[in-house]
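Coordinates in review
Listed below, chain by chain, are the residues.
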Amino acid sequence: MMKNLGSITLPARMASLMPSLSFVKTCTESTGFHAKRIGEIELCLEEILVNIINYAYPERPGEMDISCGLKEDGTLIINVADQGVPFDILSVERPDITASVDERHIGGLGIFFVKQLMDDVNYRRENDKNILTLAINKTMDSNS
């Protein structure tokens, strides 16, 4: 069983970034996560949403859907969906974080942070939608 904390659908434009992050912050604050963990969640969401805004709809305008829910065990579930170009975040190779800045390839670092900071990240393509599910386990909130 999961408690629905709300959802929002906004155009995939930079002007939607702050309202999207504000919506997620409201959801996370209502669940009792600590400020540091909320900041990590916001950082990850910003990375994901900027990628959707910049790359999901190269030839037409589109939307992004964000929904939040809380499982009985305290796990926060955030779903981010778009009808843009298929893109599996999990298929992005891990960047070489040991290379110098001059030797590093551009891109991939934000996705690396998403994979590191979230407790679970899942992707699926369903009904012509990219659906990314983030799970943040309340019991693993190490900042309590």
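Residues numbered from 1 in each chain as written. Predicted model: local features only at pLDDT ≥ 70, side-chain atom pairs only at ≥ 80, totals over all residues. Heavy atoms only, no water.

With that out of the way, let us pick up the pattern of salt bridges. This structure, assessed with the given rule, holds four salt bridges. For Arg 37, the salt bridge is made with Glu 40, and the minimal N-O distance between the two is 2.7 Å. Linking Arg 37 with Glu 40, this pair stays in helix 2 (residues 35-56), spanning three residues, or about one helical turn. Residue Arg 37 shares its accessibility class with Glu 40, and that shared class is buried. Between Arg 124 and Glu 126 there is a salt bridge whose closest N-O contact spans 3.1 Å. For Arg 124, a relative accessible area of 38% puts it in the partly exposed group. Glu 126 gets classed as partly exposed once you look at its relative accessible area, which sits at 36%. Within this structure, Arg 37, Glu 40 and Asp 119 form a network of salt bridges that share partners. (Salt bridge = Lys/Arg side-chain N within 4 Å of Asp/Glu carboxyl O. Helix = DSSP H or I, 4+ residues; strand = E, 2+ residues; numbered from the N terminus. Buried < 20%, exposed > 50% of the residue type's maximum accessible area, 1.4 Å probe, protein only.)

Among all residues save glycine, negative phi is the norm, and among peptide bonds the norm is trans. Even without glycine at this site, Asn 127 takes up a positive phi of about 50°. Tracing the backbone shows Asn 127 in the loop between strand 4 (120-126) and strand 5 (129-136). In this structure Asn 127 comes out as exposed when scored by relative accessible area, which is 68%. Within the chain, Asp 128 stands out as a residue other than glycine whose phi angle is a positive 60°. Its location among the elements puts Asp 128 in the loop between strand 4 and strand 5. On the basis of relative accessibility, which here comes to 59%, the residue Asp 128 falls in the exposed class.

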